[in-house]
Amino acid sequence: MRTSKESPFLINPLFVHQKKHSKSKSSTKPRRKIIQSIVTPIPISSFKHAHDSNSSIPNRGEVQICIEEYIQNDSPLFRRVAVRSYGDITEDGGLLHASFSLPLEPLPAHGKEWISWADFEGRAYLCVLAGPETLRIFDVYPSAGKSVIGGGEGHSVSLPFEASGIFSLQGFENGGLLIQRQPDKAKLQAEFSGANAKTRNEPVEFNTLDKGGEKQLLGPPSTLRLGVNPKTFRPHLNSDGRMSSASSCSSDFDIDKMVLPKAIPDGMIPSLYTLHHPLDEIRPCLTIPKDKDENEESVWRRRKNIVHFCNVSEEVIFVGRPRSFTRDLSDIIVVTYDCIERCHRVWILKEAPPPPDPVPLWKLTSENPNVNIATAASFSNLHAKVALSCIHTFDEPGLSKQASRVFLSTTVDSTGDFILALLQFADGDETQCKLNCTEFDPFGNSMESGSSWSVIDKYCLSCNAAMPVEATAIDLKPFPLVEDSPNLSQRKFLRKMYGSKTPKARDILLCRAQGGAALYRGNAHLVDIEIPSPKATLSLPVIGLENPVNSRVDALCGTRSATAKIRVSCSLTSALSSVTDIALAALGSTMMAKGRDHIELYFAIRTDCLRFAQFRASEESRSSDVEWESLSIIVALVIAIGKGVQFNNKLIQCSVSLDDDDPWSKLLQSSYHSDYIQKNSSKYFLGLEEEKAPEIVESVTLSQREIDFLSTCKFVSVLRDRDSFENISDIIFDTLHMLYEDCKINNGAKSTTVSVLIGEFLFRICQKCTVGNISLMEDYEQHYIQHIPALRQRKYSIIDCLQCNISKRITNVSKPICLYSCLEKIMKSKDKALKQLNEIITVNGACTSSGSLLQFYSIIFSASSSSDMVEADRKLAIAIVEEGFHSVSSLADEFSQVILLPLMDSLFRCRLNPPPIDEEWPGAVYTLIGRNDIARIRNGARARGATNCPLVASLFADGDPENDGLVSVEKRSAMLFPNDKRIHEAARLVRSSRPLFLRVPRAPEVSDHDFERLKQQKLALLCRRSLPLPVGRGMFTIGTLDRLPIEPLAMPKICLAGRIPPLNAILGLEENRCTSKHKMWPDFHNGVAAGLRLPLAKDDRKRLTRTWIVCNRPKPPPPPSVQGGQPPPTPDPDHTYGGFLFALGLRGHLSALDKTDIVDYINKGPVTTAVGMMLGLAANKRGSCDVTIFKTLCVHIPSLLPTSFRSIDLSSSVQTAAVAGVGLLCQGTSHRLLTEFLLNEIGKRPTVDQNTDDREGYHLCCGISLGMVNLCLAESSKKSVNDGLSDLNIEERLHRYIVGGFDNSLDKQRQHNSERTPNSGSNDSDRSSRIYEGPMINTDITAPGATIALGMIYHRSG
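Quick caveat: nothing in here was measured; it's all calculated off a predicted structure.

(A) Representation of the pattern of salt bridges within the structure. Going through the model one piece at a time under the given rule, you end up with 43 salt bridges. In this structure, R567 and E62 form a salt bridge, with 2.6 Å as the shortest nitrogen-oxygen distance. Note that R567 is positioned in strand β31 (residues 563-569) and E62 in strand β4 (residues 62-72), a separation of 505 residues in sequence. A residue is classified by how much of its surface remains accessible, and E62, at 11% relative accessible area, is buried. The partner of R1106 in a salt bridge is D1154, with the nearest N and O atoms 3.3 Å apart. One end of the pair, R1106, is in helix α33 (residues 1106-1111); the other, D1154, is in the loop between α34 (1136-1146) and α35 (1155-1163), and 48 residues separate them in sequence.

(B) Structural detail: helix α37 (residues 1187-1194). Burial in α37 covers these residues: I1189, L1193 and C1194. Projected down its long axis, α37 carries its buried residues within an arc of 130 degrees, all on one side. Residues of α37 that are exposed and point more than 90 degrees away from the buried face comprise V1187 and K1191. At the N-terminal end of α37, a side-chain oxygen is found 3.1 Å from the backbone nitrogen of T1188, two or three residues along, and the residue is D1186.

(C) Quick look at the sheet that holds strand β10 (residues 155-158). The strand order across the open sheet formed by four strands is β7-β8-β9-β10, and the pairing between neighbours is antiparallel. Unpaired on one side and paired on the other, β7 (115-120) and β10 mark the two borders of the sheet. With direction set aside, neighbouring strand axes in the sheet form an average angle of 30 degrees. Pairing of strand β8 (residues 123-131) with strand β9 (residues 134-138) involves five bridges; the strand directions are antiparallel. For G131, the partnering residue across the bridge sits in β9 and is T134.

(D) Quick peek at the pairing of β7. For β7, a buried count of six out of six residues is recorded, marking the element as mostly surrounded by other parts of the structure. Neither face of β7 is left uncovered, since the one carrying I115, W117 and D119 and the one carrying S116, A118 and F120 both have all their residues buried.

(E) Focus on the nonpolar core. Residues L519, I529 and F715 are the most contacted members of the largest nonpolar core, which totals 131 residues. In terms of residue count, helix α10 (residues 626-642) provides more of this core than any other element does, eleven residues in total. Residue contacts for I529: discarding those within four places in its chain leaves P8, F9, I11, L509, A517, A518, L519 and C570. I1162, A1218, C1226 and L1266 belong to the second-largest nonpolar core, a separate cluster that totals 62 residues.

(F) The arrangement of the environment of L776 in detail. Relative to the helices and strands, L776 is located in the loop between β35 (774-775) and α17 (778-787). Residue L776 is classed as partly exposed on the basis of its relative accessible area of 22%. Between the C-alpha atoms of L776 and I806, which are 30 residues apart in sequence, the distance is 9.0 Å. If we ignore the near neighbours within four places in the chain, the residues touching L776 are C769, T770, V771, I806, S807, K808 and R809.

(G) Looking closely at the sheet that holds strand β3 (residues 31-41). Across the sheet, which stays open at both edges, the four strands sit in the order β3-β4-β5-β6 with antiparallel pairing between neighbours. Of all the strands in the sheet, the pair left with one neighbour each is β3 and β6 (96-102). Between one strand axis and the next, the sheet turns by 20 degrees as a mean value, whatever way the strands run. Examined bridge by bridge, strand β5 (residues 75-85) and β6 share six bridges and lie antiparallel to one another.

(H) Molecular detail of the packing of aromatic side chains. Counted under the stated rule, the structure contains 26 aromatic pairs. For the ring pair F418 and F443, a centre distance of 6.5 Å and an interplane angle of 80 degrees mean the geometry is edge-to-face. Of this pair, F418 sits in the loop between β21 (405-409) and β22 (419-426) while F443 sits in the loop between β23 (429-441) and β24 (454-463); the two residues are 25 residues apart in sequence, bridging distant segments of the chain. Exposure remark for F418: the relative accessible area of 4% places this residue in the buried category. Measuring from ring centre to ring centre gives 6.3 Å for W1108 and F1140, while their planes differ by 50 degrees; the resulting arrangement is tilted.

(I) A look at the side chain of T573. Within the element layout of this structure, T573 appears in the loop between β31 and α8 (578-591). For T573, the side chain forms a polar contact with the side chain of S571, separated by 2.7 Å. Once you skip the residues sitting within four places of it in the chain, T573 turns out to touch A471, A473, K504, D581, R606 and L610.

Conventions and cut-offs
Residues numbered from 1 in each chain as written. Predicted model: local features only at pLDDT ≥ 70, side-chain atom pairs only at ≥ 80, totals over all residues. Heavy atoms only, no water. Salt bridge = Lys/Arg side-chain N within 4 Å of Asp/Glu carboxyl O. Helix = DSSP H or I, 4+ residues; strand = E, 2+ residues; numbered from the N terminus. Buried < 20%, exposed > 50% of the residue type's maximum accessible area, 1.4 Å probe, protein only. Arc of directions from axis to C-beta. Polar contact = N/O pair within 3.5 Å; in protein donor to acceptor, adjacent residues only side chain to side chain. Pairing = 2+ DSSP bridges. Axes fitted to C-alpha atoms, helices over the stretch in contact; angles between N-to-C directions. Core = buried A, V, L, I, M, F, W, Y, C linked by side-chain atoms within 4.5 Å. Contact = heavy atoms within 4.5 Å. Phe/Tyr/Trp six-rings, centres within 6.5 Å; stacked < 30°, edge-to-face > 60°.

Rendered as structure tokens:
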């Protein structure tokens, strides 16, 4: 009931639309003409996975899609479709997102639905009917996935008929579009003129087919795409010999009686078609007739009497999917208007039955000689994918006019969007409308799967305009703990469909004929609405509503001739106070299950709370949370009135003095305390940390205007006029108490604040329950004080304005319910405690944490034996996933660690003892327990058959964000050795892809600048330690990839950053502390570590192909462009790829490369690429003495080249790599020439000034190479080979290189050179001018290489 004094709720204005001034025809600038415009939410990637995209994401933006034409001098220049953000940001509207050109051809003559979003393969595409026979499809928001139409100007579909409208099949399994064929105007007029003389089921005669130049729909191939198949076509004849208006598509017909017509009448051609893919055929729709006494499911399962939808007089005016908040519902509502019979029909669109068996061509031609073989063979069986079944016909006299607006609305009890609203103009008055609402029940009273639609209520609302808005949230009904009730199923269903978000209801916003607006839920009035005027100085009446999107709508204000438009947001949710929103949701969950009177009271409490908060905000209230205080005073009044307290002017007092404040707080604010602190601040450590005295509020005030406002609230009249609220006080108090307990066990800081506010409110209400000096709720008061000790102190509360004592207890429970005690009882007495708790506790639908936790504990502790424990652990894992927790971290965010201990223990047991592989388990459950390996084995065959399946791809992903291979090793070892943490610790030690833990103590005297310098110094030291870690990681992860990769192998990054506690802020290392030169060889070894993960190339099937290696080569950086006269810095080369090539050689994959590829790699690219290629080739051909590789390496060793080529500038790294490669290539061969050469190179003195800085590395590699060539030479089996090298005195010369002494080889070398070049004499032109070495051996250079060579020669000789 609504009182006349009730003030309206002011909704929020967003922006005012600026009136566009029309340009004169003589203007030189083209004039924009909007042909059609719609406003929609920004589409998400998939419609069907969100159940209904408009409500799953409440804060989505909105876009305006316009078909616009630019005209100049009365001639169209071009036409396009533009997608803009909705609003008046620019002259043409909002910011332009995309635009696509359209052909300048005539638009459809009938219909007005030419723009729609459609879902193809899980992505949203914009579909535009550019012409009667042209459908254009555009990818407006391309994503990372593959588009079905490509980019550019979209995809064009040629229609085999003239279309009048397109509609999105949003939420359908196959997605797509519903396309309506444009009827023949002359035939439609003929049918309309003769409609009065015909019954509804009587067909229309067609005497002629030729209409003088009009488009004819003749035989093949057009009839193929129209769905008329010659194999299945058979005209139906009535008793009077006239043709029926439906063509049969059943298979039970006589082939010998089939006649192929040369032309098909318009009444026999389907009028509705679907398109489920841009490259698919246009498919006709079917219709399934239903008898009155026949069940819809049985009709749907049978295949007889299934015909095409051919009634051209049925115009589709609405297509939408109703949301169900209790169980799954896949039906789509289609509303049509029959312009001949002047009635509306409601259809259910479902998946079509399976197609009939095709007739073989040989049988068709043998039994019917009149069939043309060529024509019949060209046909294909086009099976319809959708079928429609009529569930209701509006044949009332008042519904004869076509509805101007059709939409779905949510029922009062929040079961789903099952109210179909038709907005129609009143008879004889185009300014007055009526909203005819029909409420359906899609399930009837059946709990079985499937739908059975039936009408349960009809009503009419008078208005000027009506639109659906999402103003309120869906309230979940309470559910018991153990029993599997429908309410519990509803909670699991909503968790599955919407996650943790609560969907919004579709309420009805009405503009009343007498002025003003109102918000309705079904036929229940919620609140009167005040829409702000677009002009602040002038109050304009609301005459219309347009463009609803979620909670936003355009309001048209003014008169029919002069209107102004304002965008408003109509929402009855608390956006500023989280505690208010949660408390209202809890009250709604409980009262929604109590009946219509309690639902009306709940809506009254919600709207009165928000209206009172608006009123107090306008009165400049000093409260920090106006909405919560408004709800507190209203709920307190409801509790008091529910216990018999009469509402009058004395119930609420304007001012209340607090004369019993805390004495300690008064002492801290006294002048004596301040004087004492000032005089004795240096004594007794006073003044070091002064305790701040809390503020003391002397009084609590409510203005008289606020008290008068409360007396006019709707909840007062509802409580006064109804007799069904005997226990409303107990219901409200118990609901808020359960919400308080739910917030206590939640782990978030937000829940802690909410629990304190709700606990304080309940504590103040309990203090009002007294008889004399005896408190009736003393047990609850002590319960709240135990959790909130600050309640002992007297402080400000708006509840003190209530001047009444409640003489009864306000709860149905004998003692306070504590969830911690309930969990303890479940752990101790198990089944007995569960039964007791189920009798006294019904979990509120808004109490998500307690509902989940009690279910988890009831599953764990219901087991009585070890076998039951295994089954309970598996049930728990499934229950956790059903509650929306897909990882252990999400559980830790929701609950405290103490509560989580039994859950974690159960998940650990389930991880060690998972179910058998043949048992069907969701992939998310395996992810929760950390057993993706079982999911891989179970889904292996399916993954090979469908590699693009997102579910399978997620099951086969290692979840390694660093791409270093350590995570997979840790997971595998955890499966084999769950109690052994050494692998995990080793992986932590060699991981270099995560920020380093950086803790730098700060002394008080250190300035900010010095402290930053200290952090950089400490970080530089830690980074130097992490640079060599790739070497260890390569040994740790070698061969861990089971199969050859198809995509390029991801290279991990070496992270040079620190993580500073406690906020884990990331601090990057300064570039001057670690330049690219310092990172060159660490990056090289990082690439080696990444490549070593590949499997060993044992045969051609396990070897990477040349195409994979060459195509995955990193592209060279583009040449820098000169800007401002100064060239930009050259980008750093990729040194990682050089190490990757070396790893490919170590694993045996480089043999797939051609000679041209080898030359290209060595000559192009950075030095590290050449080094990696030479070492990799030598390692790939290790011990083979391959001539091609040997020549390639020798070219890069100047000592092996003729004298005239020794001046070639070669990098010392390349020379060193070539020497090392020669040793690998000739491993164990004891090659005499190489042995003598390498022995001389170890003691070689510098001869040129080039590459003198890296002598140590070159001589060391010479020693290693010498050891590789003569590996295990001292072994007894190689005695004959050793005798052939005895004249070189290898051991003696290596010994001299180690211990030092006079270099006898110097004179011999000079004499040898003089004999080869007599004219050179004994000049010293071949000596280095930078380094001088005397006649003694430089053991700093020769000793390391000689020592390694000697050790490798005598390897395995003991």
